[in-house]
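Examining the three-dimensional arrangement
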Amino acid sequence: MQVYLDNNATTMCDPQVVEVMQPFFSEIYGNPNSLHKFGTASHPYLRKAIDQVYTALNASDNDDIVFTSCATESNNWVLKSIYFDKIVNGEKDHIITTEVEHPSVLATCRWLEEQGVKVTYLPVNEEGIVEAHTVKSFITDKTALVSVMWASNETGMIFPIKEIGEICKEKGVLFHSDAVQAVGKIPVDLQDVHVDFLSMSAHKFHGPKGVGALYIKDSQPLTPLFHGGEQMGHRRSGTLNVPYIVGMGKAIELATTNIEETMASIRAKRDRLEDALLELSDTFVVGSRENRTPNTILISIRGVEGEGMLWDLNNGQIGASTGSACASEDLEANSVMLAIGADNELAHTGIRLSLSRFTTDEEIDYTIEHFKSAVARLRAISSSFAKVAPTPGGEAGEC
Ligand SMILES: Cc1ncc(COP(=O)(O)O)c(CN[C@@H](CS)C(=O)O)c1O
């Protein structure tokens, strides 16, 4: 049996998505910007895909949805163009974000600091999220943008985006949310939540890798990151990736239709897996289940190095991660666990398990069995665990 539990890194393309993409490789393959029939033939399908994204986000016709190559591009676009529009060519000099954003936000903010921008990286609480009042306390009249992720890729914890959006609106500060781990996993209703910009990525909800989008409220001005073509109303130049855009439209429709039912099914499997793993002594899971995306577990297993655990799981045909795939090359401690106050040793023990709607009960059963035997094996040879006196009664539970 092979079990894929790294869906926060990327998901399998839904077969229905693959099917709708097929015609646009060698049948309807004209450049959508060409005026002849080979080009215009794709237009109805592009319009449908855009409508599917608007519907999924409950976006209004006044808003813009611009397709990009990925969420990394969407995040770079917002941060670098707000810098250009509001700081280089404006009176602002400050951006607020959090310590636990995805590297595509953090690395861009560090580059902006090298350009002279003041960046505030807000700390997270013991649940791994920033609190709305903390954001409010750092906003000044020089703040150009607040950028806070909707849900954490590492922990699944959901941030108070609605409250932060209301604060930014009241203060007249632009608000960006990296919603990559929220769209398609939990309800995202842009009539209910105020954001100026929102990033998303199709391969997180069973669409193809290599296509994402940026939502722009009220079609407000934002200097393009790419120039040189009239695509997307001159907002993002480059020949449209028709099959991938059509695939993204189908994927977001499948992911958001009956989302409550889908969430309940995934949550039940996740909770059963989490309950079983917490029976192991000296383990804890980051964050409360109630405020977490239904598919994610970040579990710490004292005395078991994360990389060693991944290797053992991989030998058992189980795919998981120690955290963000973008940081999987380095053997650093999990940054989010450090941010919530875990000690360095504990922060090296984090394992991220992320399910999808395709995860089966049999796969959960297999994972529970293999995970427990792997922990027993690795703890038996772990020097650090041997030094740690067993907690009375083998404490376990949420952090
Ligand atoms: C919150 C968040 N924001 C941006 C990205 C980047 O999405 P792209 O479409 O791949 O560019 C990701 C992708 N996080 C994966 C790969 S690093 C993870 O293992 O956590 C994300 O989770």
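First things first, this report covers the structure right here in the doc. Please read these numbers as outputs of a predicted model, since none were measured by experiment. (Residues numbered from 1 in each chain as written. Predicted model: local features only at pLDDT ≥ 70, side-chain atom pairs only at ≥ 80, totals over all residues. Heavy atoms only, no water.)

**With respect to the overall build of the protein chain**
Helices and strands together make up the secondary structure of the protein chain, namely 16 helices and 12 strands. Taken against the 2.2 N^0.38 rule, which gives 21 Å for 399 residues, the C-alpha radius of gyration of the protein chain at 22 Å falls within 12% of a compact globule. Across its three principal axes, the protein chain shows a C-alpha extent of roughly 70 × 50 × 35 Å. The buried share among the 399 residues of the protein chain stands at 57%. Sequence separation of at least 24 residues holds for 74% of the intrachain contacts in the protein chain that already meet a minimum separation of 6. Carbon and sulfur atoms form 53% of the exposed surface of the protein chain, whose accessible area is close to 16,700 Å². Taking the average location of the 33 positive side-chain charges in the protein chain and that of its 54 negative ones, the two points are 3 Å from each other. (Helix = DSSP H or I, 4+ residues; strand = E, 2+ residues; numbered from the N terminus. Rg over C-alpha atoms; globule rule 2.2 N^0.38 Å. Buried < 20%, exposed > 50% of the residue type's maximum accessible area, 1.4 Å probe, protein only. Contact = heavy atoms within 4.5 Å. Areas by Shrake-Rupley, 256 points an atom, 1.4 Å probe, with all protein chains shown as cover. Lys, Arg positive; Asp, Glu negative; His and termini not counted. Charge placed at Lys NZ, Arg CZ, Asp CG, Glu CD.)

**Description of the packing of aromatic side chains**
All told, the structure shown has 3 aromatic pairs when counted by the stated rule. Considering the side-chain rings of Phe 24 and Tyr 45, the 4.9 Å spacing of their centres and the 70° angle between planes classify their relative orientation as edge-to-face. Here Phe 24, found in helix H2 (residues 23-26), pairs with Tyr 45, found in helix H4 (residues 43-57); they are 21 residues apart in sequence, far enough to count as distant. On the basis of relative accessible area, Phe 24 is assigned to the buried category, the value being 6%. Take Tyr 45: its relative accessible area is 38%, and that puts it in the partly exposed class. Between Tyr 29 and Phe 38 the ring centres are 6.3 Å apart and the planes differ by 45°, which places this aromatic pair in the tilted class. Between Lys 80 and the ring centre of Trp 111, over which it is positioned, the NZ or CZ distance is 5.3 Å. (Phe/Tyr/Trp six-rings, centres within 6.5 Å; stacked < 30°, edge-to-face > 60°. Lys NZ or Arg CZ within 6 Å of the ring centre and 35° of its normal.)

**Points about the nonpolar core**
Of all hydrophobic cores here, the largest spans 92 residues; its most connected members are Val 146, Trp 150 and Leu 198. With residues up to four places along the chain from it excluded, the contact list for Leu 198 reads Leu 57, Trp 150, His 176, Ser 177, Ala 179, Val 183, Val 188, Leu 190, Ala 213, Leu 214 and Tyr 215. Counting 26 residues, the second-largest nonpolar core is a separate cluster that includes Leu 278, Val 285, Ile 299 and Met 309. (Core = buried A, V, L, I, M, F, W, Y, C linked by side-chain atoms within 4.5 Å.)

**Comments concerning the pattern of salt bridges**
Counted under the stated rule, the structure contains 18 salt bridges. In this structure, the salt-bridge partner of Asp 365 is Arg 272, at a minimum N-O distance of 2.7 Å. In this pair, Asp 365 is assigned in helix H15 (residues 361-380) and Arg 272 in helix H11 (residues 259-277), connecting sequence segments 93 residues apart. Glu 274 serves as the salt-bridge partner of Arg 292, at 2.7 Å between the closest nitrogen and oxygen. (Salt bridge = Lys/Arg side-chain N within 4 Å of Asp/Glu carboxyl O.)

**Quick notes on the side chain of Gln 181**
As for its placement among the helices and strands, Gln 181 is situated in the loop between strand S6 (174-178) and strand S7 (197-201). Here the side chain of Gln 181 touches Lys 185 through a polar contact of 2.9 Å, side chain to side chain. With near-sequence residues (within four places) excluded, Gln 181 lies in contact with Asn 8, Ala 151, Ser 152, Asn 153, Lys 204 and Thr 293. (Polar contact = N/O pair within 3.5 Å; in protein donor to acceptor, adjacent residues only side chain to side chain.)

**Quick notes on the sheet that holds strand S10 (residues 296-301)**
Here 3 strands make up an open sheet; going across it, the order is S9-S10-S12 and the pairing antiparallel. The two strands at the open ends of the sheet, each matched to only one other strand, are strand S9 (283-285) and strand S12 (350-354). Averaged over all neighbouring strand pairs, the angle between strand axes comes to 25°, with direction disregarded. Helix-sheet contacts for H11 involve S9, S10 and S12, and the interaxial angle to S10 is about 5°. (Pairing = 2+ DSSP bridges. Axes fitted to C-alpha atoms, helices over the stretch in contact; angles between N-to-C directions.)

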